Structure formats: structure tokens, C-alpha cells
Amino acid sequence: MFLVLSRQTAVPTNVSSLMGVDGHVSQGPWFASVLTLKTSAPLRAEPKKKKKVDPRREQMVRERLKKKLKKLERVPPELIPIEDFTTPAKYMDETRVRGAPQLPFEESERRALLLKEWSRYKQTQHRAEMEAVGLAVEAQREALEELRLESEELYQAALRPDPLLFPFNHQGPSYTPPKAQYEAPEGKYNNITKVYTQ
Amino acid sequence: MAAPCSRMANRPLWQFITNVRRTGLKHTGVRQISLSSACRAATQTRSKTEGVPSPWKLYGAVCLQRLPVISQERNPIEDQFAELMHQMELERSLLSDHEQRLLEDSERMTRKQADNYDSDEEEADYGGQETITAQDQEDTWEQKLKHFQPALRDRDVGGTPLGSVERCLGDSLVLLVQQTVGKETIWLLPQAQWEAGETLRQTAERGLSSLPEADFKATFLGNTPCGVYRYKFPKEVRTERCVGAKVFFFKAFLSAGSASQKEPFLWVKKTELQGYLKPPYLEKVDRFILNL
């Protein structure tokens, strides 16, 4: 008994002095833990190698998410409807139809003759325009020829495009000339155009 | 063309010289002289095409156009056609919202004036609101329009001077200046003599900016000249170096500018150019001034 006790008391000093624990020591201070739950047993076992499994698991999760995203992306994007091509329903209403007028014979004749005269007028106008443009182009060609005879350097300078010319803005002719010091009245507007995103 | 001729002339001459030296014949001397003079002429023409400056003086001129500010008056046929188009479009169209409102309002008025008018039924439909009829709206719009006074279209009935930019708002006008060329002062497009080291477009810009008492802001359309006028000086002035002059024209649009009325400026339409420019000059200039 005494021996046992002495051995019991002697062992803890031994254990504390010892560094590494190789075998399963079921004596000394661990004796108490043997009766209770083996909470400290894993502490002494070889540490688990978690390095490979966790990254693999995370990678698997990421791959699954990417596959789901790809499946979603494979769906073609919804086409944006062109609102000009669909006639709104309210214009198909029958109450909106104007009564078709019955034109007398003279009126329809007058219209046909006027249209023909107009086409003749427009034709002469077009021919005159084309001729004028042709003359202008010819004049420019002659100018470039003469310039080339003069000096090659000036000719090359003339052929270079002008980067400052575009964008070129000019207010076209209106019906009445602009008033000097005219202040246009201020107005508000609400923009209700529908904006679609794909 | 001059270069190969001179080369061909050189070789036989050299051979001739050596032959003459060998043989010592006299009659070949005559031929030698004539050949040498031909050779000299050939070399002269060759040097002219390479190094000597051309005998034409260069000028850069600007064709400054003021584009039309108002639309032109319609021809009778254009008037008729516009009316016809308007009529046809009206016939082929559907009723607009505004027109439908007008019809509904007029129907409601007739119903109100009828004998069996049930005001409770009407007000139940429309919620008893004070509705503004479409006709009332039209009247208010017309009143607003009458308050606005637009500027008059035909301002030159009073006769604006030829030098003013405001004349003939419906047509495009070209700027003419009076300059001394040689001995006489004539009307022409503003020009300046070309100096070495600048492009012709810069010459034209200089010609425009150097006009006394006038600041015109113009946008030049590109670096290419639109026309050329070549003329020879009168025989007294003509020398070997300058036979004549070439005037290169550049197009520009007037963006902003003003000029005092004292200086001799003219803004003319294409049809009026004949009264101011000399015939050969006008012939060349008329081509690139478009009335479109």
C-alpha cells in the first residue's frame, strides 16, 4: 500500500520532468481523468491534418456556385421591345376613324395633274443641283492640279484633313429671323420615357 | 523629259570632242558648236524644273459666305403642292386625342340642352368636377400666341445698304472687297500674297483678318482650295521671274462678325456678282459658289 502510494506520489514528479509523452500513461494525474470523460485524450494524440480537406471543401463550394451562375447566364437576355413598332391599343379604336371623303372627279383629276407637275419641277431642280455640284468638284480638281504644278509641299499640305472642322454645328434657316435680346419663357417637363436595361 | 535629252546630248558631244582632237577636222567644229548650244539649252531647262522657283506668284483668297437665316418664299407650285399634301395627310389620319375631346364635349353640350337631361347621371359619371372643355383650352392657346410678336420676315423692303450683312436673309451672300491689284482698284474676294513658310489656307485666313475695321469669325471648310484663277500680268510688268499670278480660293462660313459701314464691303448674292466682278474672274469664281 505504502509502496503504491509512494509510487503514486513519485510518478507526478516524473511526468512533469518528462517532456514528451509517448505512451498512454494511465497513472498519476491522468488517473482522475480516466474515470471522468476523456476530454484531454485528443490533446495528446497526433494532431489532425486539416490542411487539405478544408481548402478542398471551400473549392467545391465555389465551383458549385460558379456552375449555378453559368447556368443562369446561359439564358439569352430579354430583348428590349421597340416601342415604335407596336401600335398602342388605343389607336385601334374604331371611334377614331375619320369619315373617308368622297372626292369629285374634278378634284381627283386636279390632284393627279398637280402631282405630275410637281415631279417634273423636282426633276429639273435635281438636275440643276447635280450640275452645280459637278462644276464645283471640277473647279476643285483644277485647283489641286495647278497647286501640284506649283509646289509639292503646298499640295501635300492641302490634302491633309482638318481635325478641327468636325463636329460642325450650324443653326439652319427658320421661318422668321431671330429676335435680338429675346428671352424664351422657361418651362418644365417630366420625361416619362421608359428606360430598359438588359 | 528634259533630263534624258541632255544626257543623250552629253555623250556624243564628249565623243565628238575626242574625235575632233584626234582627227583635227575643221568642219566638225561647226557641228560641235551647234550641238553644245543645244546641250546648254537642255541643261538650262533641267535646272529650271528642279531648283528655280516657278514664275507664278501665289495668292490665297477666301470666299466667305453668310448662309441664309430664313427660309425662302415658296413658288406658286410649291404652295399648291404643300396645301395638297396637308389635305391628303389630314384625310388619311385618325382622330387625335384633342379632337376626340372636342367631339365628346360637343356631344355633352347637345345632351345638356336636350329636354330629357339628367344632371345627376352626368355628374355621377364625371365626379362633379369642373371640367375645362377642349374648346376653352384652344382659345387660351390662341390668346397666348397673339401675345408673341415674331420678327418680320421681309426686313429689306426699306432697302438695307449693300454693305450690311442683314440684307437678303433668305439667300446666301458672299463677301466682296475693293482692293488695289496692279494699277486699278477692283472688287474681288479678299486675298493676300503667299509668304514662304505658311500653307495657302493660312494665307487666306491672314487675308480675311487683315481686312481693316472688320472682325469676321469664319469656319474654314478644310485645307483644300475650292478653285483657282490664273492670270498673266500685262506685258510691261512681266519679267522672266514672274509671268503672272495664281489665286487659290478657300471656302468659309461666317459664324459671327461685324464690320463698319464705312469700309468698302459688299455682301452680294450669286446673281448679283455679275455687276461687280470682271468676266474672266467671274467665270472661275461662279463655279464653286453654290446657291444651294
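Residues numbered from 1 in each chain as written. Chains lettered and ligands numbered in written order. Predicted model: local features only at pLDDT ≥ 70, side-chain atom pairs only at ≥ 80, totals over all residues. Heavy atoms only, no water.

## A look at the overall build of chain A
Here comes step 1: A count of helices and strands for chain A gives six helices and zero strands.
Here comes step 2: For chain A, the residues scored as buried account for 11% of the 198 residues in total.
Here comes step 3: Per element, the accessible surface of chain A, about 18,900 Å² overall, is 60% carbon and sulfur. (Helix = DSSP H or I, 4+ residues; strand = E, 2+ residues; numbered from the N terminus. Buried < 20%, exposed > 50% of the residue type's maximum accessible area, 1.4 Å probe, protein only. Areas by Shrake-Rupley, 256 points an atom, 1.4 Å probe, with all protein chains shown as cover.)

## What about a nonpolar patch on the surface?
Here comes step 1: A cluster of nonpolar side chains, contributed by Tyr 91 and Val 97 of chain A together with Leu 94 of chain B, occupies part of the molecular surface with about 270 Å² of accessible area.
Here comes step 2: As for its placement among the helices and strands, Leu 94 of chain B is situated in the loop between α3 (76-92) and α4 (97-113). (Patch = residues over 30% accessible without salt bridge, like charges linked within 9 Å, V, L, I, M, F, W, Y side chains within 5 Å. Salt bridge = Lys/Arg side-chain N within 4 Å of Asp/Glu carboxyl O.)

## Regarding unusual backbone geometry
Here comes step 1: The omega torsion of the bond from Phe 166 of chain A to Pro 167 of chain A falls at -5 degrees, within 30 degrees of zero and hence cis.
Here comes step 2: Relative to the helices and strands, Pro 167 of chain A is located in the segment after α6 (152-159).
Here comes step 3: Located in the positive-phi region is Gln 181 of chain A, a residue other than glycine, with phi close to 55 degrees.
Here comes step 4: Looking at the secondary structure, you find Gln 181 of chain A in the segment after α6.
Here comes step 5: At Cys 168 of chain B, a position not held by glycine, the phi torsion is positive, near 50 degrees.
Here comes step 6: Position of Cys 168 of chain B relative to the elements: it lies in the loop between α6 (134-147) and β2 (173-181).
Here comes step 7: Owing to a relative accessible area of 12%, Cys 168 of chain B belongs among the buried residues under this scheme.

## Examining the packing of α4 of chain B against α6 of chain B
Residues and elements named next belong to chain B.
Here comes step 1: Following both chains from N to C, one finds α4 and α6 inclined at 125 degrees, their axes separated by 8 Å at the closest point. Taken together, the axis directions place α4 and α6 in an arrangement best described as oblique. Note on element contacts: α6 touches α4 through Ala 134, Gln 135, Gln 137, Glu 138 and Trp 141, opposite His 98, Arg 101, Leu 102 and Asp 105. (Axes fitted to C-alpha atoms, helices over the stretch in contact; angles between N-to-C directions. Parallel < 35°, antiparallel > 145°, perpendicular 65-115°, else oblique. Contact = heavy atoms within 4.5 Å.)

## Regarding the interface of chain B and chain A
Here comes step 1: Listed by partner, the interface residues are 58 residues for chain B and 48 residues for chain A.
Here comes step 2: Both faces considered, chain B and chain A share a buried interface measuring about 4,600 Å² in area, 62% of it formed by carbon and sulfur atoms.
Here comes step 3: The largest share of the area that chain B buries against chain A comes from Ile 77, Phe 81 and Arg 287 of chain B, three residues that together contribute 14% of it.
Here comes step 4: For the pair chain B and chain A, the interface holds nine salt bridges.
Here comes step 5: The residue Asp 97 of chain B makes a salt bridge to Lys 90 of chain A at a minimum N-O spacing of 3.3 Å.
Here comes step 6: Linking chain B with chain A are 20 residue pairs in polar contact (both at pLDDT 80 or more), by the criterion used here.
Here comes step 7: Secondary structure elements with two or more residues in the side of chain B that touches chain A: β1 (56-66), α3, α4, α7 (200-209), β5 (214-220), β6 (227-232), β7 (244-259) and α8 (279-288) of chain B.
Here comes step 8: Here the element with the most residues in the side of chain B that touches chain A is α3 of chain B; it accounts for ten residues. (Buried area = accessible area lost by both parts, 1.4 Å probe. Polar contact = N/O pair within 3.5 Å; in protein donor to acceptor, adjacent residues only side chain to side chain.)

## Quick word on the state of the cysteines
Residues and elements named next belong to chain B.
Here comes step 1: Going through the model one piece at a time under the given rule, you end up with zero disulfides over all chains.
Here comes step 2: Summary of cysteine pairing: Cys 63 is not part of a disulfide, and the nearest cysteine sulfur, belonging to Cys 226, is at 5.9 Å.
Here comes step 3: Here Cys 63 falls in the buried class, since its relative accessible area comes to 0%. (Disulfide = S-S within 2.5 Å.)

## Re the pattern of salt bridges
Here comes step 1: One pass over the structure, following the stated rule, counts 24 salt bridges over all chains.
Here comes step 2: Glu 145 of chain A serves as the salt-bridge partner of Arg 141 of chain A, at 2.7 Å between the closest nitrogen and oxygen. In this pair, Arg 141 of chain A and Glu 145 of chain A are both assigned in helix α5 (residues 105-150), four residues apart and thus about one turn of the helix distant.
Here comes step 3: On the accessibility criterion, Arg 141 of chain A (42% relative accessible area) is partly exposed.
Here comes step 4: Glu 142 of chain A is paired through a salt bridge with Lys 284 of chain B; the nearest N and O atoms lie 3.4 Å apart. Of this pair, Glu 142 of chain A sits in helix α5 while Lys 284 of chain B sits in helix α8, each in a different chain.
Here comes step 5: Each member of the salt-bridge network shares a partner with another, and the members are Glu 107, Arg 110 and Arg 111 of chain A together with Glu 91 of chain B.

## Section: the packing of aromatic side chains
Here comes step 1: In the structure shown here, the tally under the stated rule is twelve aromatic pairs over all chains.
Here comes step 2: With a centroid separation of 5.9 Å and 75 degrees between ring planes, the pair formed by Tyr 231 of chain B and Phe 233 of chain B is classed as edge-to-face.
Here comes step 3: Taken together, the ring pairs connect Tyr 229, Tyr 231, Phe 233, Phe 249, Tyr 281 and Phe 288 of chain B into an aromatic cluster.
Here comes step 4: Residue placement shows Arg 153 of chain B over the ring face of Tyr 175 of chain A; its charged tip is 4.2 Å from the ring centre. (Phe/Tyr/Trp six-rings, centres within 6.5 Å; stacked < 30°, edge-to-face > 60°. Lys NZ or Arg CZ within 6 Å of the ring centre and 35° of its normal.)

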